[in-house]
Amino acid sequence: MTDRPETDPAAGAPPRPPGRLYRAWDSDLAYAFRHSPVALVSAFVTLVLVLGAVLAPWIAPYDPFNPATLNLMNGFTPPGQTNAITGDTFLLGSDDQGRDVLSTILFGLRISLFVGVAAVLFALSLGVSLGLIAAYVGGWTETIIMRIADVQLTFPAILVAMLIFGVAKGITPVEYRDQVAIWTLILAIGLSDWVQFARVVRGATLVEKNKEYVQAARLIGRSPVAIMVRHILPNVLSPVLVIATISLALAIIAEATLSFLGVGAPPTEPSLGTLIRIGQGFLFSGEWWILFFPACTLLALALSVNLLGDWLRDALNPRLR
Amino acid sequence: MLSFILRRVLQSVLVLLVTGLVAFAMFRYVGDPVDTMLGQERTVADIERLRENLGLNDPFFVQYWDFLGRAVQGDFGISYRQGRPVGEIIAERLPATLELAAVSGVFALGFGIVLGIFTAIRRRGTAANVIMTLSLIGVSLPTFLIGILLIYVFSVELGWLPSYGRGEVTWVSGWPTGFLTSSGLSALILPAITLGLYQMTLIMRLVRSEMLEVLRTDYIRFARARGLRDRTVHFRHALKNTLVPVITVTGLQLGSIIAFAIITETVFQWPGVGLLFINAIQFVDIPVMAAYLMLISVMFVGINLVVDLLYVAIDPRLRAEGKAA
Amino acid sequence: MALLGIEGLTVEFPTRRGTFVAVKDADLTVEPGQIHGLVGESGAGKSTIGAAIMGLIDPPGRIAGGTIRFRGDAISGLDAKGMRALRGRKISMIFQDPLTSLNPLYTVRQQLVETIRLHLDLSETEASARAVELIERVGIADPETRADQYPHQFSGGMRQRVVIALALCSDPDVIVADEPTTALDVSIQAQILDLIKELARERQVGVILITHDMGVIADTTDVVTVMYRGEVVESGPTREVLGNPQHPYSQSLIAAVPRPDVKLGRFPLIGYGGRVTEFRIADLARDWPMPETPRGTPLVEVDGLTKQFQTRRAIRASRRRYLTAVDAARFEIRQGEVFGLVGESGSGKSTLARMIAGLFPSDEGDVRYAGRSINTGRRGVPDWYRRDIQMIFQDPFSSLNPRMRVDAIVAEPARHHGLFTGSALRQRVAELLDRVGLGADAGLKYPHEFSGGQRQRISIARALATQPKFLICDEPTSALDVSIQAQILNILKDLQDHLNLTMLFISHDLPVVRQMCDRVGVMKDGKLVEIAATEDLFAAPGHDYTRHLMSLMPRLDGLSDTALQRA
């Protein structure tokens with residue numbers, strides 16, 4: 001039995017409960033957030049990177065993909081220096097083709113984030129629906145969904161993503177491959193990741209569906225769909241949030257990995273992984289900045305999202321503190 | 001207990017049949033093999049003859065059955081790209097991958113479990129917190145970046161270790177091993193660390209969180225209330241209970257070492273099956289992809305089966321009831 | 001010199017919103033062979049005292065003041081090593097839940113031998129022999145075989161015996177038992193308490209028995225200390241404190257205990273600490289549709305309801321195993337009465353109630369409501385039935401959706417059935433919340449902002465929103481403190497009086513059943529063994545099992561009669 005005091009019914013109840021905004025500000029989660037330096041810093045870094053990605057077309061100093069503005073004479077300008085021939089300055093240096101590294105990073109970040117977020121949203125909607133249905137309906141439906149999940153879980157996500165990408169590439173006619181590559185990536189990473197969501201949501205739903213508030217809703221005759229969406233779904237979302245954050249970091253890394261291996265984003269739309277792939281060739285000949293800055297950006301993004309996810313998991317699970 | 005194991009074996013066979021189906025479907029329908037094999041100059045008669053020869057006109061399940069039959073004998077067809085039997089290519093390259101995976105698996109498991117226990121027991125200590133923070137960086141650092149970093153430091157700057165390849169190999173009863181030469185061993189170090197580091201951080205974090213979970217249970221509190229020493233409580237009571245869930249996930253992690261070997265092999269140009277697979281994807285070499293899929297699914301299913309048996313050995317509840325708890 | 005003495009103990013838990021004082025300035029002594037009861041409602045701080053004695057207070061909680069002395073030596077300031085020398089050796093502890101107190105991966109013998117060898121200088125074989133002795137001593141048959149079994153092979157009561165055996169390993173002088181029988185059925189509870197009593201006498205062990213149950217206190221303890229919100233309000237010999245409580249809180253607590261011996265009209269509510277909240281159920285009667293059928297005619301007829309659960313799946317039918325949860329239940333509930341279903345856990349009473357409510361399909365049998373069968377189609381029970389019935393659930397912490405606002409929760413049934421809409425619905429909800437004593441503004445909050453008793457009031461408001469005629473109460477107060485239980489039961493009684501509701505009342509607690517019900521059915525292993533009018537049943541139980549249950553009721557003979565006088 002837990003020895004926690006019951007709040008006194010008579011004493012100190014305010015005449016009107018405070019508004020939603022105040023509630024959100026005053027909640028334990030917001031409090032923990034305000035008092036966690038790690039969470040604040042990683043949220044700030046994430047925010048800066050997201051803003052950079054979103055605003056890339058407006059804030060990037062150069063347009064790295066416009067052949068008209070590219071000058072091969074600008075190639076290999078070190079960071080912060082002005083090219084002696086053309087007079088262009090590159091804050092983070094330029095690559096072999098004279099593209100501004102800062103600008104390619106901003107545009108690359110855009111693609112990395114877009115693929116990551118879209119893949120997680122796809123995995124989330126698929127996983128949450130299937131997990132909810134499996135647990136609530138039960139029987140054969142559950143067996144089939146969870147068996148598929150088990151089989152897929154046997155194979156590491158990155159491998160599943162590669163296979164799906166490979167097959168999708170095989171199906172698409174050669175001339176369209178580059179155009180649909182980004183969408184294929186999203187599909188591949190998303191499909192490789194739904195299992196996490198489905199398992200967690202199923203587990204939480206199995207707990208929730210036996211709770212008496214669900215029985216109360218069934219008693220008055222609410223339909224299964226209404227019970228799943230209105231009653232159970234809001235109560236299984238907090239673990240989903242944690243997994244979504246961690247999945248985002250994983251998806252960004254997965255995308256970078258695939259692109260690095262040359263089976264992801266095409267050279268025409270380079271993501272951070274593609275940039276690192278390009279830069280790898282120049283690392284050993286002294287042009288370190290072509291690899292270094294994209295790598296740092298990728299690490300900063302993955303690390304700050306991971307830190308947020310880690311913090312969120314601890315904050316939503318008070319027993320761990 | 002027997003029925004539990006039997007059911008698991010049956011499930012494994014089912015998984016293999018399903019992945020076989022996926023591999024076969026890939027093999028059969030992604031990119032027309034006839035197209036690929038005959039090239040530009042062909043007649044309708046040529047096509048028809050080849051279709052008949054390859055059995056492509058048979059019903060789907062007959063073809064699937066033939067495919068499985070051939071796969072069991074190691075016959076996965078001819079690589080589109082290299083024009084050699086896929087089975088042969090894989091047999092050549094598999095030892096390299098297995099050696100790499102084994103070394104990094106031992107590395108990941110050993111360090112992961114020890115560090116996990118350490119950080120769980122000394123939860124509020126400075127060392128544990130430093131390790132936990134480092135582990136988050138480890139999880140956020142893509143494998144290929146770790147590889148590049150290691151190459152840069154130890155090969156390019158310090159020049160201590162080779163940056164690519166497998167070194168010199170010696171043949172021991174038909175198996176090319178790198179364990180017996182100094183160049184083989186030094187070539188193994190960087191790839192093994194690269195491959196094992198990420199798995200190690202994952203295993204460590206998992207062991208830690210499971211152990212913390214167990215340390216909060218009533219029977220641990222009761223064990224303390226009986227006056228048992230911390231050592232006994234941690235290593236006798238908590239650790240064994242921690243192992244039950246850890247074993248499952250660790251099994252999966254070991255499986256993913258084989259998958260992540262693809263990345264490591266690419267970075268280090270390690271001549272294993274992973275590098276083969278990534279080239280196959282780039283060039284849409286379907287027979288190689290299908291064979292690789294079949295190969296690793298056999299490995300994964302094998303690992304999972306071992307994990308299940310370990311489970312039974314540890315948990316008396318499973319032994320008695322003969323079903324998953 | 002007392003065996004164990006606590007002086008001025010204060011335990012604090014720092015939290016974000018200030019320091020929470022769990023125990024404040026508490027005094028307590030235990031003598032050898034004495035059972036000292038520590039009683040109070042949730043939040044009283046009684047478990048915290050137990051943890052403090054064992055040195056098991058979880059950080060950031062800390063002992064902020066006072067001393068705990070064992071045979072005169074202060075132990076509250078000891079370091080981890082000194083504490084371990086005492087813990088288990090001189091002072092042992094028994095936890096509440098026997099299902100989770102034992103390590104599932106070791107046999108009982110392994111766990112016993114390990115503990116024995118830690119405290120006594122014995123060889124493996126000697127320790128093993130002593131382990132078997134202990135198992136036998138705590139009343140487990142065939143100790144030699146049972147010793148080599150794993151915890152999951154023991155039933156709940158047997159596991160608690162193993163836990164006691166573990167606590168006895170080192171011949172301790174003091175045992176702290178924290179709610180040792182709360183997770184057990186009454187018949188098992190009585191056996192475990194007898195065992196504790198015997199051990200205290202026989203070995204001259206001092207026992208601190210922490211419980212919320214007045215019946216356990218009256219039956220088992222020599223001395224009792226009553227706690228309220230972290231403070232000791234009264235302490236003394238059990239008979240004196242229960243028979244003639246001095247402090248107003250003890251008086252209110254004892255008055256709220258349901259009496260097994262006589263039926264009272266209402267529970268006397270002696271307000272203490274502003275706990276009693278007004279409710280005005282009578283006001284609801286104005287526009288309440290009164291039933292068409294006269295009082296006493298059968299409203300619900302249960303005809304041979306049967307439910308089986310498969311306990312072992314198998315492909316071959318002959319290898320499948322079934323558990324008959326409810327076996328051909330047949331009874332009627334009359335218009336305007338409260339029909340009680342009583343039985344121990346696993347007797348099938350909740351399953352039966354859920355079948356009547358239409359939440360479970362039955363395997364066989366039928367339920368007729370006002371003469372019409374409710375098994376009308378494949379989409380569950382018909383809407384006309386759903387509008388007429390409502391249910392109040394056991395666990396106030398899980399019966400309200402934590403993500404819904406209270407007004408939405410209360411409005412949901414009425415909105416679903418389309419009984420009220422728009423402003424009429426809002427007004428209705430506010431009125432209901434006001435009538436159950438929460439105030440209309442309660443609707444703007446979320447369930448977690450309310451205490452257990454208040455949540456149960458929200459449940460009642462929700463149940464009343466559709467103006468039901470038939471109310472099923474499934475252990476509505478078993479998760480509540482006694483003083484809150486008294487309030488909720490009074491509300492239910494008012495509902496029945498003023499609104500002429502028919503009720504099915506399910507409980508494992510015979511005194512509560514006596515206070516609430518007109519007629520009672522006794523269930524055992526899925527079968528209804530006896531159905532009788534409540535007063536007849538208590539005066540002259542007809543079935544052996546009923547008599548057995550009656551014999552296990554706590555004797556509160558010495559209880560204060562303030563309750564009777566004020567009623």
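Residues numbered from 1 in each chain as written. Chains lettered and ligands numbered in written order. Predicted model: local features only at pLDDT ≥ 70, side-chain atom pairs only at ≥ 80, totals over all residues. Heavy atoms only, no water.

A. Layout of unusual backbone geometry. Residues and elements named next belong to chain C. In this structure, Gln204 is a non-glycine residue whose phi angle is positive, near 55 degrees. Tracing the sequence through the fold places Gln204 in the loop between helix H7 (186-203) and strand E8 (206-211). Relative accessible area serves as the criterion here: at 46%, Gln204 is assigned to the partly exposed category. Although it is not a glycine, Arg229 adopts a positive phi angle of roughly 50 degrees. Tracing the backbone shows Arg229 in the loop between strand E9 (223-228) and strand E10 (231-237). Given a relative accessible area of 34%, Arg229 falls into the partly exposed group. (Helix = DSSP H or I, 4+ residues; strand = E, 2+ residues; numbered from the N terminus. Buried < 20%, exposed > 50% of the residue type's maximum accessible area, 1.4 Å probe, protein only.)

B. Region of interest: the packing of aromatic side chains. Here the structure, examined in full by the defined rule, presents 15 aromatic pairs over all chains. Aromatic side chains Phe154(B) and Trp160(B) sit 6.1 Å apart centroid to centroid with 45 degrees between the ring planes, which places their arrangement in the tilted category. Exposure remark for Phe154(B): the relative accessible area of 25% places this residue in the partly exposed category. Taking relative accessible area as the criterion, Trp160(B) reaches 62% and is therefore assigned exposed. Taking 6.1 Å as the distance between ring centres and 75 degrees as the angle between the ring planes, the aromatic pair formed by Phe309(C) and Phe360(C) counts as edge-to-face. Here Phe309(C) is found in strand E11 (residues 298-312), whereas its partner Phe360(C) is found in the loop between helix H11 (349-356) and strand E14 (364-369), with 51 residues between them in sequence. Phe360(C) sits in the partly exposed class, given a relative accessible area of 28%. (Phe/Tyr/Trp six-rings, centres within 6.5 Å; stacked < 30°, edge-to-face > 60°.)

C. Molecular detail of the UniProt feature "domain: ABC transporter" (unreviewed entry) in chain C. Residues annotated in UniProt with the feature "domain: ABC transporter" (unreviewed entry) correspond here to residues 4-254 and 300-550 of chain C. Between the C-alpha atoms that bound residues 4-254 of chain C there is a distance of 27 Å. The span itself is 39% helix and 27% strand. (UniProt positions renumbered as here; feature names shortened; annotations may be inferred.)

D. Structural view of the confidence of the model for chain A. Residues and elements named next belong to chain A. For chain A, per-residue confidence averages 79 on the pLDDT scale, and 82% of positions sit at 70 or higher. Element-level mean pLDDT values for chain A span from 66 in helix H1 (residues 20-26) up to 90 in helix H9 (residues 212-219). A low-confidence stretch, residues 1-15 stays under pLDDT 50, and its non-local contacts, those more than four residues away or across chains, total 37 contacts. (pLDDT = per-residue confidence, 0-100. Contact = heavy atoms within 4.5 Å.)

E. Focus on the pairing of strand E17 (residues 470-474) of chain C. All names here are of chain C. With five of its five residues buried, E17 lies for the most part within the structure. Of the two faces of E17, the one lined by Phe470, Ile472 and Asp474 and the one lined by Leu471 and Cys473 are each fully buried. Bridge count between strand E16 (residues 389-392) and E17: four bridges; the pairing is parallel. Paired with Gln390 across the bridge in E17 is Leu471. Bridging between E17 and strand E18 (residues 502-507) involves five bridges; their strand directions are parallel. (Pairing = 2+ DSSP bridges.)

F. Representation of the sheet that holds E8(C) in the model. Residues and elements named next belong to chain C. Read from one edge to the other, the open sheet built from six strands follows the order E6-E7-E8-E3-E9-E10, with strand pairing classed as mixed. Looking at strand neighbours, the two that pair on one side only are strand E6 (91-94) and E10, the edges of this open sheet. Direction aside, the axes of adjacent strands within the sheet are offset by 15 degrees on average. Two elements, E9 and E10, share six bridges in a ladder whose sense is antiparallel. Each bridged residue has a counterpart across the sheet, and for Val224 the counterpart in E10 is Gly236. Here helix H1 (residues 46-54) sits on the sheet and contacts strand E3 (35-39), E6, strand E7 (174-178), E8 and E9; the angle it forms with E8, its principal contact strand, is near 145 degrees. (Axes fitted to C-alpha atoms, helices over the stretch in contact; angles between N-to-C directions.)

G. Up close: the interface of chain A and chain B. Facing 42 residues of chain A, the contacting portion of chain B comprises 44 residues. Of the roughly 3800 Å² buried between chain A and chain B on both sides combined, carbon and sulfur atoms contribute 78%. Among the residues chain A hides against chain B, the three largest losses belong to Thr154(A), Phe155(A) and Leu261(A). Together they make up 14% of the total. Run the count over chain A and chain B and you get one salt bridge. Put simply, chain A and chain B have two residue pairs in polar contact (both at pLDDT 80 or more) between them. Put simply, the parts of the chain that give the side of chain A that touches chain B at least two residues each are helix H6 (139-154), helix H7 (157-171), helix H10 (224-260), helix H11 (272-283) and helix H12 (289-316) of chain A. Of all the elements, H12(A) adds the most residues to the side of chain A that touches chain B, at ten residues. Looking at the side of chain A that touches chain B, its residues break down into 27 nonpolar, seven polar and eight charged. (Buried area = accessible area lost by both parts, 1.4 Å probe. Salt bridge = Lys/Arg side-chain N within 4 Å of Asp/Glu carboxyl O. Polar contact = N/O pair within 3.5 Å; in protein donor to acceptor, adjacent residues only side chain to side chain. Nonpolar A, V, L, I, M, F, W, Y, C, P; charged D, E, K, R; others polar.)

H. Focus on the confidence of the model for chain C. Residues and elements named next belong to chain C. In the predicted model, chain C carries a mean pLDDT of 84, and the fraction of residues at 70 or more is 94%. Here helix H20 (residues 562-566) is the element of chain C with the lowest mean pLDDT, 43, and strand E13 (residues 338-342) is the one with the highest, 93. Contacts for the low-pLDDT stretch residues 562-567, under 50 throughout, to residues beyond four places or in other chains number nine contacts. In the predicted complex, the global pTM is 0.79; the interface-specific ipTM is 0.80.

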